[in-house]
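Structural characterization, general
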Amino acid sequence: MSFIPGHPVTAVVQRIEIHKLRDGDNLILGFSIGGGIDQDPSQNPFSEDKTDKGIYVTRVSKGGPAEVAGLRMGDKIMQVNGWDMTMVTHDQARKKLTKKNEDVVRLLVTRKSLENAVRQSMMQH
Amino acid sequence: YRGEEEIQKECALFPSAAVGETQSSVSAAEDLQTYSEREWKGNTTKSLLIRKGYEAIASEFNLRKVRGDNYCALRAVLFQVLSQSKQLPAWLHDSDISKWPKEMHSDQDFITEWQFPFETSKSKVQHLEQCLELLTNKWQEAVQSKSLEERERMCQQVFRGHDEEYELLEALKFLMLRTAVQLHSDMEKGSDVPEFCWLLFARDSSKCPKTFLTNHLRHVGFSGGLEQVEMCLLGYSLQETIRVVRLYKCDTEEFITYYPNDHKNASPLCLLTEDDRHYNVLVPKKFPKFDAYGRPKWNPPSDGQSSITTRL
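No experiment lies behind these values; they were computed from the predicted model shown.

What to know about the overall build of chain A
Looking only at helices and strands, one finds three helices and nine strands in chain A. In chain A, the succession of α and β elements from N to C terminus is β-β-β-β-β-β-α-β-β-α-β-α. Put simply, chain A has 125 residues, and 49% of those count as buried. Within chain A, counting contacts between residues at least 6 apart in sequence, those at least 24 apart form 64% of the total. In the structure as shown, chain A presents an accessible area of about 6400 Å², 53% of it carried by carbon and sulfur atoms.

Side note on the overall build of chain B
What chain B contains, in helices and strands, is 12 helices and seven strands. Relative to its 312 residues, chain B shows a buried fraction of 52%. Taking as baseline every contact in chain B between residues at least 6 positions apart, the subset at least 24 positions apart corresponds to 71%. Carbon and sulfur atoms form 47% of the exposed surface of chain B, whose accessible area is close to 15200 Å².

Re the environment of A:Asp91
Residues and elements named next belong to chain A. Structurally, Asp91 is set in helix α2 (residues 90–97). With 56 residues separating them along the chain, Asp91 and Gly35 place their C-alpha atoms 9.8 Å apart. One polar contact links Asp91 to Arg94, side chain to side chain, over a distance of 2.9 Å.

Looking at the sheet that holds strand β2 (residues 61–64) of chain B
Residue and element names in this part refer to chain B. If you trace the six strands from one edge of the open sheet to the other, you get β1-β2-β6-β5-β3-β4, paired in mixed fashion. Edge positions in the sheet fall to β1 (30–31) and β4 (256–259), since each of these pairs with one other strand and no more. The sheet contact formed by strand β5 (residues 269–273) and strand β6 (residues 279–284) spans three bridges and is antiparallel. Paired with Leu271 across the strands is Val281, a residue of β6.

Some thoughts on the environment of B:Tyr279
All names here are of chain B. As for its position among the elements, Tyr279 is in strand β6. Once the C-alpha coordinates of Tyr279 and Val245 are considered, the two residues, 34 residues apart in sequence, prove to be 9.6 Å apart. Among all residues touching Tyr279, those that are not within four sequence positions of it are Val66, Cys72, Ala73, Ala76, Met231, Val244, Leu271, Leu272 and Thr273.

What to know about helix α4 (residues 72–84) of chain B
With 13 residues, α4(B) extends 18 Å from end C-alpha to end C-alpha; this agrees with the ideal 18 Å at 1.5 Å per step. Burial of α4(B) is extensive: 12 of the 13 residues sit out of reach of the surface.

Considerations on the pattern of salt bridges
Applying the stated criterion to the full structure yields 25 salt bridges over all chains. A:Lys76 is the salt-bridge partner of A:Asp52, the closest N and O atoms lying 3.1 Å from each other. Here the residue A:Asp52 occupies a position in the loop between β5 (31–35) and β6 (55–60), and A:Lys76 occupies one in strand β7 (residues 76–80), the gap between them amounting to 24 residues. As far as the burial class goes, A:Asp52 and A:Lys76 line up, both buried. Note that B:Glu30 and B:Arg38 form a salt bridge whose closest N and O atoms lie 3.3 Å from each other. What makes B:Glu30 buried here is its relative accessible area of 11%. Connected through salt bridges with shared partners, the residues B:Glu30, B:Arg38, B:Glu39 and B:Lys65 form a single ionic network.

Quick notes on the packing of aromatic side chains
Residue and element names in this part refer to chain B. Scanning the entire structure with this criterion turns up eight aromatic pairs over all chains. Each ring, one from Tyr71 and one from Tyr166, has its centre 5.2 Å from the other, and the planes form 70°; the classification is edge-to-face. Remark: Tyr166 occurs in helix α9 (residues 163–189) and Tyr71 occurs in the loop between β2 and α4; sequence separation between them is 95 residues. With a relative accessible area of 2%, Tyr71 lands in the buried category. Classification of Tyr166 by relative accessible area gives buried; the value is 13%. Summarising the aromatic geometry, the rings of Trp91 and Trp139 are spaced 5.7 Å apart at their centres and angled 85° between planes, so their arrangement reads as edge-to-face. Highlighted residues: Trp91 in helix α5 (residues 90–94) and Trp139 in helix α7 (residues 124–143), separated in sequence by 48 residues. Given a relative accessible area of 14%, Trp91 falls into the buried group. Residue Trp139 is classed as buried on the basis of its relative accessible area of 1%.

Remarks on the packing of α9(B) against helix α12 (residues 228–238) of chain B
All names here are of chain B. Their axes nearest at 9 Å, the elements α9 and α12 cross at an angle of 90°. In terms of axis orientation, α9 runs roughly perpendicular to α12. Counted together, Leu172, Leu175, Met176, Thr179, Ala180 and Leu183 of α9 and Glu230, Leu233, Leu234, Tyr236, Ser237 and Leu238 of α12 form the full contact between these two elements. By residue class, the composition of the contact of α9 with α12 is nine nonpolar, two polar and one charged.

Side note on the packing of α7(B) against helix α8 (residues 148–158) of chain B
Residues and elements named next belong to chain B. One can describe the packing of α7 onto α8 by two numbers: an axis separation of 9 Å at closest approach and a directional angle of 155°. One way to sum up the angle between α7 and α8 is to call them roughly antiparallel. For the element pair α7 and α8, the recorded crossing hand is left-handed. Between α7 and α8, the residues in contact are Lys138, Glu141, Ala142 and Val143 and Arg151, Met154 and Val158, respectively. Here the contact of α7 with α8 is composed, by residue class, of four nonpolar, no polar and three charged.

Calculation rules
- All residue numbers refer to position in the chain's written sequence, counted from 1.
- Lettering of chains starts at A and numbering of ligands starts at 1, both following the order in which they are written.
- Local features are withheld for residues below a pLDDT of 70 in this predicted model, meaning they are given only at 70 or higher, and side-chain atom pairs are given and counted only at 80 or more; totals for whole chains, interfaces and linings count all residues.
- Side-chain metrics in this entry use all non-hydrogen atoms of the structure; hydrogen atoms and water are not considered.
- Secondary structure counts use DSSP, requiring at least four H or I residues in a row for a helix and at least two E residues in a row for a strand, with both numbered from the N terminus.
- Throughout, exposure labels follow a simple rule: accessible area from a 1.4 Å probe, protein chains only, divided by the maximum for the residue type, with under 20% read as buried, over 50% as exposed, and the rest as partly exposed.
- In what follows, a contact means two residues having at least one pair of non-hydrogen atoms within 4.5 Å.
- Only the protein chains shown count as covering a residue, and every accessible area follows the Shrake-Rupley method with a 1.4 Å probe.
- What qualifies as a polar contact is a pair of N or O atoms within 3.5 Å, subject to a donor-acceptor requirement within protein and to the restriction that residues adjacent in sequence count only when both atoms come from side chains.
- What makes two strands pair is DSSP finding at least two bridges between them.
- Expected span of a helix: the number of residues minus one, times 1.5 Å.
- A side-chain nitrogen of Lys or Arg and a carboxyl oxygen of Asp or Glu constitute a salt bridge if their distance falls within 4 Å.
- Note on ring pairs: Phe, Tyr and Trp rings are taken, using the six-membered ring of Trp, and paired if centres are within 6.5 Å. Classes follow the plane angle, with under 30 degrees stacked, over 60 edge-to-face and the rest tilted.
- Note on geometry: axes are lines fitted to C-alpha atoms, helical ones only across the stretch in contact, with angles between N-to-C directions running from 0 to 180 degrees.
- Any angle that is under 35 degrees is reported as roughly parallel, and any over 145 degrees as roughly antiparallel; angles of 65 to 115 degrees are reported as roughly perpendicular and all others as oblique.
- Note on residue categories: nonpolar means Ala, Val, Leu, Ile, Met, Phe, Trp, Tyr, Cys or Pro, charged means Asp, Glu, Lys or Arg, and polar means any other residue, Gly included.
- Two helices that cross are described as forming a left-handed crossing if the nearer one is turned anticlockwise from the farther one by less than a right angle, and a right-handed crossing if clockwise.

Nothing here speaks to function; it is geometry throughout.
In structure tokens, the structure reads:
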């Protein structure tokens, strides 16, 4: 985990590696996304800034690949396999996550929670 | 959970003043970071540790200072119950708790040992009945509040340092005693009891409910506060989980401790302590909005713009 300078002390960056689950022809990640530059940002319960049009994790399936990898509801997805996700449409985000020839997606997310604040305070020396 | 605007409005309604200067037993909400920097200047190891602890939670909570007498742990918990409780708990809803002192008195001779912090012309049993009835009424009034302002006004009325506040605190102590009696009886029968019970009755000074009362509980508010195992008993008696941020334990596993810690409620009562002696109240600062089931609340769409979620 690393810190973003200038951000409030409880914002942490997390690297998440999701190994997709093969279900017949489908590759399952086990989470849902909301947001995108073509979407209504005021509906997002997770963002501090209600004009934030980023991609957020709205749901994580219990026991699914995303949960196992450490993804959490409320995480904001910053990058997928190196591609920026802060300025994409909802559909562009979906496409980057669901490429048929990719079994693994590496996400860069930011997370804001008390538990992380606690972990942070314990790591800072 | 309250948004920042509501907290700021609250501060305007009740200007911040040091507890002790006014009659209020619980102060208005203030920013933790500001408080920490003001109270813990300097660079001793301890100051750095405490400030670090405050900083870790400063973006999540505001602070409300609690009157610092030996009732403070009970007072902080009572305040959180009255200000945050969404509904009457089952145990309060299902029974007439004002009958409990008489029931206990007919079983065993404990209540003669009770100490009150105020004068009373009634018998001790009668006065405890009154305390429990008051607790029921206040709890009901709290959950039936129609607005945040109304609820806050109600809490300010209670926490004025008058007899009413202390009657409610004595009611909490009675509930702890009654629970201790039940748990001890379960232990003797060999039934399953929460882990903290073993610690509670392992102390030489409180091997049974009677000595727990005479050596510990009846002194709470007078010459002593609550030990940690007694915090577990308090949480358990109310069927609540008390979550305490313990600043002097920053950098350890015990920085955040749950009383009791075996089953965690979805909405614990949040307190703060620098030293396990004095307790203050934490109120959430900003939070995503969730409904009663923990599902995020989505606002209705505006301007015809879409807001879709996609399952991957």
